[in-house]
Structures are given as C-alpha cells and as structure tokens.
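A look at the structure
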Amino acid sequence: MTKFPFLYDPPRTPRRHTGPHRRSALTLIELMVAMTVSAVIVLATLEAFQQGRFVQMRVDRQMQASAREYDLWRLLSGDVANSVVLLADDDAGVWIGQPDSMRFLAVGPGGRPMQIEYKLAAYGPGTPAGGLLRSTRLASGSVPVGQWGHLTVADGVRAFDLQYGQVAEGSDALTWTTEFNGAQAPPKAVKVRLTWNATEDESADGPQVVEWVLATRADTSANAQGGT
Amino acid sequence: MIEAMVSLVVLSVGILAVWNTFAMASWASQQDANTRTALMLADARLTDLSLVPVRQFGRQAGRFEGRHQRYQWICEVSQSPHDGLAQAVVRVYWQQRGRQRSVTLATLLQVSSAI
C-alpha cells in the first residue's frame with residue numbers, strides 16, 4: 001500500500017481559492033478578454049489612421065492644385081496687367097496674340113521692360129520640359145537685349161486657348177477674337193483657358209479646366225501714348 | 001486587468017489628442033486653400049465687371065462652374081458718392097464643415113455715360 005499510495009488514496013477535491021487566502025492573478029479568460037479588447041482597439045485605431053491618411057492625401061492634392069492654380073493666375077494676371085506697347089522700329093514692342101500663344105512687352109521689376117512670351121511646349125524627346133512655357137528676355141525700350149530664358153510655369157497642361165477682348169470705338173461692348181496685333185495699345189482683356197491632363201485620381205472630378213479673364217491697363221497705355 | 005485597461009485608456013486619449021491636432025491642422029490648411037481660391041474667383045468677377053463701363057445698378061447672384069462649382073457669388077453694383085463711379089461689391093461664399101464661409105471684395109467702377 002505504501003509503495004503505490006495513489007492507488008488507494010481517495011480522490012482529492014480541487015482547491016477553490018476562496019476566502020481570505022484567494023490568489024490574485026489573471027485567469028486565462030481574463031487575459032483573453034483583455035487581449036481581444038486590445039486587438040479591437042488597435043484595429044479600430046489602425047483603420048481610423050488609414051482612412052485619415054487617405055483623406056489627408058486627397059486634401060493635400062486638392063491644396064496643391066489650388067496653390068498651383070493660384071500661383072499661375074497671379075503670374076499671368078500680373079504679366080498681362082503690366083503689359084505695354086512701345087512703338088519703335090523693332091516690332092518687339094507690339095502686342096501679339098495668337099490662339100495658343102501671346103507675346104508682349106511688360107514693365108518688369110524696377111520699371112525695366114521685359115519681353116514675355118507664353119506658349120505651350122510640346123512633350124517629347126528633345127524638349128526640356130512640357131507644359132506651359134514662359135519665356136522672357138530683357139529689353140531696352142522696345143529693343144530686346146539678352147537671351148531668352150525659359151521656364152515651365154505649369155506642368156501637364158494639355159491645351160492653352162486664348163482670346164483677346166477689345167472695345168470698338170464709340171462702343172461699350174467687348175468683342176472677343178482669337179488673334180490680336182496691337183501696335184497702339186494692348187487688348188482690353190485676355191481670356192485664358194487652360195486644360196490640364198487629368199491624373200487617375202482626378203479623372204473622377206472631370207477635366208481640369210480653368211478659365212480666367214485677365215485685364216490689361218489698355219486705357220492707361222493708350223493715354224500714355226497720346227490718348228489714342 | 002485594471003492596470004491594462006487604464007493604460008489602454010490613457011493611450012487612447014493620447015492618440016485621440018494627436019489625431020485631433022492633425023485634423024485641426026488639416027482643416028486650417030483646407031480653409032486657407034479655400035479662401036485663396038475664393039479670393040481668386042472674387043477678383044475674377046471684379047475683373048469681368050471692370051472690362052466695360054457699368055450700364056445698370058443692381059444685384060446678381062450665381063454659381064461658378066467646373067471645378068469651382070462649390071463656390072457661389074453675389075455681386076452688387078450701386079451708386080457711389082463719387083461722380084461717374086459706381087461701387088461694386090463681390091461676395092464669394094462656400095460651405096465648409098456645415099458652416100458658410102465667405103470673402104468679400106469691393107472696388108469702384110466707371111459708369112457708362114448711357115445711364
């Protein structure tokens with residue numbers, strides 16, 4: 001009997017940790033509940049971060065597009081507003097408008113004239129950059145001096161359409177044409193329509209088209225040249 | 001268990017606070033971009049008005065098209081105390097987070113001799 005006591009001992013009842021000597025520790029159930037709660041919280045947080053990240057990226061893209069549009073509008077409206085016509089032997093002082101490009105003299109910083117040209121640069125091999133190109137060169141009076149400098153002011157532009165507004169003599173009405181050749185004064189206004197190549201995530205919002213009407217100081221230029 | 005829950009609550013509060021800060025910064029940036037766009041649109045409306053002399057006084061309203069269709073405008077042209085000049089006030093407004101925001105620009109315009 002003493003050799004194999006387990007064969008003869010009565011089965012013991014399991015110890016219940018009740019009373020003043022109860023052991024304080026996590027049971028397996030409690031641990032699993034805690035882990036489940038933690039996992040749910042972590043997953044919910046990750047999901048919220050993921051959604052927030054998508055929203056943030058979309059807002060960033062919208063803001064970049066907005067900033068790009070605003071900067072370009074400021075540049076174009078400033079150049080057009082400062083455009084002048086200076087008569088000279090050289091035709092560089094003449095305001096020339098085409099359906100997809102425009103070239104004029106503008107009074108730059110410090111009052112120095114600068115010849116400016118806007119046109120669409122083609123994409124493809126051999127071209128420095130695609131998009132809307134702003135070319136400038138300094139001028140002395142209406143005579144250009146120096147070399148052209150080129151800067152792409154808007155990437156991914158597909159179309160650059162221009163119209164020129166003029167007021168007929170003795171009329172208050174504005175008429176729009178697609179060509180302009182001003183030897184006396186700039187046009188009254190320039191209507192600019194820019195179409196961007198839509199990216200994949202922008203295509204759902206439709207084509208990216210902006211249209212601006214930019215005013216010149218045609219009246220003041222005309223007055224400056226003798227009230228023509 | 002209690003300690004774990006408390007730490008989770010503290011962590012959640014911290015994460016929420018950081019998240020809220022990001023959300024506020026994002027909202028402020030968006031507000032800035034919207035205001036800038038609205039200013040551009042308001043200036044464009046004033047440019048439209050300034051191209052020809054004013055022929056009639058009154059109030060007009062409308063909505064911009066294309067990408068800017070969330071922006072609406074109200075334009076009011078009225079007499080000014082200065083001879084030969086009218087006062088034009090353009091207000092561009094839009095909805096952001098359920099609240100209406102707006103920018104207002106004003107200028108003086110030449111009045112047509114016809115009126």
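Residues numbered from 1 in each chain as written. Chains lettered and ligands numbered in written order. Predicted model: local features only at pLDDT ≥ 70, side-chain atom pairs only at ≥ 80, totals over all residues.

**Digging into the overall build of chain B**
A tally of helices and strands in chain B yields one helix and four strands. Tracing chain B from N to C terminus, the helices and strands come up as α-β-β-β-β. Against the compact-globule benchmark of 13 Å for 115 residues, chain B has a radius of gyration of 23 Å, which places it well outside the compact range. With respect to the principal axes defined by its C-alpha atoms, chain B has extents near 85 × 30 × 15 Å. Within chain B, the fraction of its 115 residues that count as buried is 19%. (Helix = DSSP H or I, 4+ residues; strand = E, 2+ residues; numbered from the N terminus. Rg over C-alpha atoms; globule rule 2.2 N^0.38 Å. Buried ≥ 20, exposed ≤ 12 C-beta atoms within 10 Å, placed from the backbone.)

**So, the overall build of chain A**
Helix and strand counts for chain A come out as two helices and 12 strands. What you see in chain A, going N to C, is helices and strands ordered as α-β-β-β-β-β-β-β-β-β-β-β-β-α. A buried classification covers 22% of the 228 residues belonging to chain A. Expressed as a percentage of contacts within chain A between residues at least 6 apart in sequence, the contacts between residues at least 24 apart total 51%. (Contact = placed C-beta atoms within 7 Å.)

**Quick notes on the sheet that holds strand S12 (residues 208-215) of chain A**
All names here are of chain A. Taking strand neighbours across the sheet as the criterion, the four strands line up as S9-S8-S11-S12 in an open arrangement whose pairing is antiparallel. Two strands close off the open sheet at either side, each with one partner strand: strand S9 (174-177) and S12. Sheet twist, expressed as the mean angle between neighbouring strand axes with direction ignored, is 20 degrees. Across eight bridges, the pairing between strand S11 (residues 189-196) and S12 is antiparallel. Counterpart to Arg193 in the pairing with S12 is Glu211. (Pairing = 2+ DSSP bridges. Axes fitted to C-alpha atoms, helices over the stretch in contact; angles between N-to-C directions.)

**Some thoughts on the environment of Gln163(A)**
All names here are of chain A. Mapping Gln163 onto the fold places it in strand S8 (residues 157-167). Judged by the 20 C-beta atoms lying within 10 Å of it, Gln163 is buried. Along the sequence, Gln163 and Lys188 sit 25 residues apart, while their C-alpha atoms lie 11 Å from each other.

**Describing helix H1 (residues 2-50) of chain B**
With 49 residues, H1(B) ought to run about 72 Å at 1.5 Å a step, and its terminal C-alpha atoms sit 71 Å apart, in line with that. For H1(B), the set of buried residues is Ala33(B), Asn34(B), Thr37(B), Ala38(B), Met40(B), Leu41(B), Ala42(B), Asp43(B), Ala44(B) and Arg45(B). Packing partners of the buried residues in H1(B) comprise helix H1 (28-81) and S12 of chain A together with strand S2 (72-79), strand S3 (85-96) and strand S4 (99-110) of chain B. (Expected span 1.5 Å × (residues − 1).)

**Focus on the sheet that holds S2(B)**
What holds strands together in a sheet is hydrogen bonding between their backbones, with the strands either parallel or antiparallel. All names here are of chain B. Spatially, S1-S2-S3-S4 is the arrangement adopted by the four strands of the open sheet, whose pairing is antiparallel. In this open sheet, the two edge strands, each paired with only one partner strand, are strand S1 (58-63) and S4. For this sheet the average axis-to-axis angle between neighbouring strands, irrespective of direction, equals 15 degrees. Summarising the sheet, S1 and S2 pair through six bridges and their orientation is antiparallel. Pairing of Gln60 across the sheet is with Cys75, part of S2. Against the sheet, H1 makes contact with S2, S3 and S4, and its axis sits at roughly 150 degrees relative to S3, the strand it touches most.

**Things to note about the interface of chain A and chain B**
With 28 residues of chain A in contact, the opposing surface of chain B contributes 23 residues. Looking at the side of chain A that touches chain B, the elements with two or more residues in it are H1, S8 and S12 of chain A. Of the residues forming the side of chain A that touches chain B, the biggest block, 13 residues, is contributed by H1(A). The residue makeup of the side of chain A that touches chain B, split by class, is 17 nonpolar, seven polar and four charged. (Nonpolar A, V, L, I, M, F, W, Y, C, P; charged D, E, K, R; others polar.)

**Concerning the packing of H1(A) against H1(B)**
At a minimum axis separation of 10 Å, H1(A) and H1(B) run at an interaxial angle of 15 degrees. The angle between the axes of H1(A) and H1(B) places the two elements in the roughly parallel class. Here the hand of the crossing between H1(A) and H1(B) comes out left-handed. Note on element contacts: H1(B) touches H1(A) through Ala4(B), Leu8(B), Ser12(B), Ile15(B), Ser26(B), Ser29(B), Gln30(B), Ala33(B), Arg36(B), Thr37(B) and Met40(B), opposite Ala34(A), Ser38(A), Ile41(A), Thr45(A), Gln56(A), Val59(A), Gln62(A), Met63(A), Ser66(A), Ala67(A), Tyr70(A) and Trp73(A). For the contact of H1(A) with H1(B), a count of residues per class yields 12 nonpolar, 10 polar and one charged. (Parallel < 35°, antiparallel > 145°, perpendicular 65-115°, else oblique. Left-handed = near helix turned anticlockwise from the far one by under 90°.)

All we've got here are geometric facts, nothing functional implied.
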